[in-house]
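# Structure at a glance
The chain contents come next:
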Amino acid sequence: MRWTSDPLLTVDHLSMRFGGLVAVNDLSFSVGRGDITALIGPNGAGKTTVFNCITGFYKPTSGRLALAHGGTAGAEAVALLTRSDKRRTVGAKPELFLLERMADHAIAAEARVARTFQNIRLFPGMTVLENLIVAQHRTLMAASDLSLGGLLGLAKHRAAERKALELAKAWLEVVGLVERADDPAGELPYGAQRRLEIARAMCTNPVLLCLDEPAAGLNNRESAELTRLLRGIRTQTGVSILLIEHDMSVVMDISDHVIVIEYGVKIADGTANDVKSDPKVIAAYLGVDDEEIARATAGGAAR
């Protein structure tokens, strides 16, 4: 279980409050390096709020979000960084990041956490290829010395442009959109737009890819294609994937690790097989009351 032996991300006692509303309450879990991890739960459970905290859209009310590049972060190293006023270590191995101290753009650029959204956020008027080039704007801007090198046509900038184009074409191959490269992204079928959004996220070279309901709106065939795509991306790149998903067939088929939350509280954490037979999880999805959970648990223990 890599989420215990080799965690990339450790979420420790995360809470998020909006006035008197507690959206996430004392939540702890780990994302294993190279794992596909699913965060599931009924509507309103707090899943997207957790994503927003990890990716910097929200500043958590309390808790720690520690991400380690290049190795497993020991508790002592994380505690030492936590006691400091710093947001990351520099030059140390593994390199640590405390995401709760970082802005969203820094989490994307420095900690290398990429995200897609439940509602697709492509640039519909740009071509499919241009959407993937735009995803690499930080690298291109750095190579152009903040546009001057691009205006002057310096060799460094031309080389960066070629590299960006090669990377974009490579990801178009992976997601099967080479023939649509020059078409406006907004003209793609819905399932193809989903794949393009994942390719765009991968063009940023993330270590953690956060997918918010990637199978939403897909039919059974498209969901199966998505499952194959995500497995292939994990195998090809080693990226760790954290996803929110309501399609349980996708979750159970693809996930190494499943975390279940309800009303912002974790109620189950384990493999897909462990979770799908947990009485609390069944109750959360079917609306069974607490007394029925107790009876089911007691009945299972008696057998």
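These remarks concern the structure in this document. None of these values were measured; they are calculated from a predicted model. Along each chain, residues carry numbers from 1 onward, in the same order as the chain's sequence is written. Residues qualify for local features only when their pLDDT is at least 70, as the model is predicted, and side-chain atom pairs are given and counted only at 80 or more; totals for whole chains, interfaces and linings, by contrast, use all residues. Side-chain numbers come from the whole structure's heavy atoms, not from hydrogens or water.

Quick look at the overall build of the chain now. Put simply, DSSP marks the helices as runs of H or I at least four residues long and the strands as runs of E at least two long, and each gets a number from the N terminus on. From N to C terminus, the chain includes 14 helices and ten strands. Here the chain, with 303 residues, has 46% of them falling under the buried criterion. Pairs of residues are marked as contacts when any of their non-hydrogen atoms sit within 4.5 Å. In the chain, the proportion of contacts linking residues at least 24 apart, taken out of those at least 6 apart, comes to 67%. Values of accessible area rely on a 1.4 Å probe in the Shrake-Rupley scheme; residue burial ignores everything except the protein chains shown. For the chain, the exposed surface amounts to about 14700 Å²; the carbon and sulfur share of it is 53%. For the exposure calls, accessible area comes from a 1.4 Å probe over protein chains only, and a residue counts as buried if that area is under 20% of its type's maximum, exposed if over 50%, partly exposed in between.

Moving on, we get to the sheet that holds strand β10 (residues 265-270). One bridge is not enough; two strands pair if DSSP finds at least two bridges between them. Taking strand neighbours across the sheet as the criterion, the six strands line up as β6-β7-β8-β3-β9-β10 in an open arrangement whose pairing is mixed. This sheet does not close on itself; its edge strands, each paired only once, are β6 (113-116) and β10. Averaged over neighbouring strand pairs, the angle between their axes works out to 15° when direction is ignored. In this structure, β6 lies alongside strand β7 (residues 208-212), joined through four bridges in parallel fashion. By the bridge assignment, T116 is partnered in β7 with L211. Across the sheet, helix α9 (residues 190-202) touches β6 and β7, and the angle it forms with β7 is around 155°. What counts as an axis is a line fitted to C-alpha atoms, over the stretch in contact for a helix, and the angles between N-to-C directions run from 0 to 180 degrees.

It is worth spelling out the pattern of salt bridges at this point. What counts as a salt bridge is simple: a side-chain nitrogen of Lys or Arg found within 4 Å of a carboxyl oxygen of Asp or Glu. For the coordinates displayed, the defined rule picks out twelve salt bridges. One salt bridge in this structure joins D35 and R2, with 2.8 Å as the shortest N-O distance. Placement of the pair is D35 in the loop between β2 (21-32) and β3 (36-40) and R2 in helix α1 (residues 2-5), with a sequence separation of 33 residues. For R88, the salt bridge is made with E95, and the minimal N-O distance between the two is 2.2 Å. A relative accessible area of 22% means that R88 is categorised as partly exposed. It is possible to trace a salt-bridge network through shared partners that takes in R87, R88, E95 and E110.

Further remarks concern the packing of aromatic side chains. Two aromatic rings, drawn from Phe, Tyr or Trp (for Trp, its six-membered ring), form a pair once their centres lie within 6.5 Å of each other, and the interplanar angle then sorts them: stacked below 30 degrees, edge-to-face above 60, tilted otherwise. Applying the stated criterion across every chain, the model contains two aromatic pairs. Note on F18 and Y58: the rings are 5.3 Å apart at their centroids and 75° apart in plane angle, and the pair reads as edge-to-face. Highlighted residues: F18 in strand β1 (residues 7-18) and Y58 in the loop between α2 (47-54) and β4 (62-69), separated in sequence by 40 residues. For Y58, a relative accessible area of 31% translates into the label partly exposed.

Moving on to the nonpolar core. Judged by nonpolar contacts, the single largest core of 44 residues is most densely connected at L196 and L209. If one sorts the elements of this core by residue count, α9 sits on top with six residues. Once residues lying within four places of it in the same chain are set aside, the contact partners of L209 are A114, I198, A201, M202, V239, S240, I241 and L242. Buried Ala, Val, Leu, Ile, Met, Phe, Trp, Tyr and Cys residues that are joined via side-chain atoms within 4.5 Å together make up what is termed a nonpolar core. In terms of nonpolar packing, the next biggest core, distinct from the first, is built from 32 residues, L65, F97, V113 and L242 among them.

The next point concerns unusual backbone geometry. For H13, which is not a glycine, the phi torsion comes out positive at approximately 55°. Mapped onto the secondary structure, H13 falls in strand β1. The class of H13 is partly exposed, set by a relative accessible area of 44%. Within the chain, N205 stands out as a residue other than glycine whose phi angle is a positive 55°. For N205, the location among the structural elements is in the loop between α9 and β7.

Let us now look at the environment of W3. Topologically, W3 is positioned in helix α1. Between the C-alpha atoms of W3 and R33, which are 30 residues apart in sequence, the distance is 7.1 Å. If near-sequence neighbours (up to four positions away) are discounted, W3 is found in contact with S30, V31, G32, D35, D256, H257, D269, G270 and T271.

Let's shift gears to a nonpolar patch on the surface. Together, F18, L21, F57 and Y58 make up an exposed nonpolar region whose accessible area comes to about 370 Å². Within the element layout of this structure, L21 appears in strand β2. Patch membership requires over 30% relative accessible area and the absence of a salt bridge. Like charges are linked within 9 Å, and nonpolar side chains (Val, Leu, Ile, Met, Phe, Trp, Tyr) within 5 Å.

A separate point is the side chain of N52. Take N52: it is sitting in helix α2. Given a relative accessible area of 10%, N52 falls into the buried group. Not counting residues up to four positions away in its chain, the partners in contact with N52 are F57, Y58 and R115.

Note on placement: L229 falls in helix α10 (residues 220-237). Since its relative accessible area comes to 9%, L229 is described here as buried. When residues no more than four places from it in sequence are discounted, the contact partners of L229 are V174, V175, R195 and I198.

What follows concerns the sheet that holds strand β5 (residues 95-98). Ordered in space as β2-β1-β4-β5, the four strands form an open sheet in which the pairing is antiparallel. Bordering the open sheet on either side are β2 and β5, each of which pairs with just one other strand. Averaged over all adjacent pairs, the angle separating strand axes in this sheet is 15°, with direction ignored. Here five bridges tie β1 to β4, and the two strands are oriented antiparallel to one another. Bridge pairing in β4 links D12 to R64. Each of β4 and β5 touches helix α3 (residues 75-83); the most contacted strand, β5, lies at about 50° to it.

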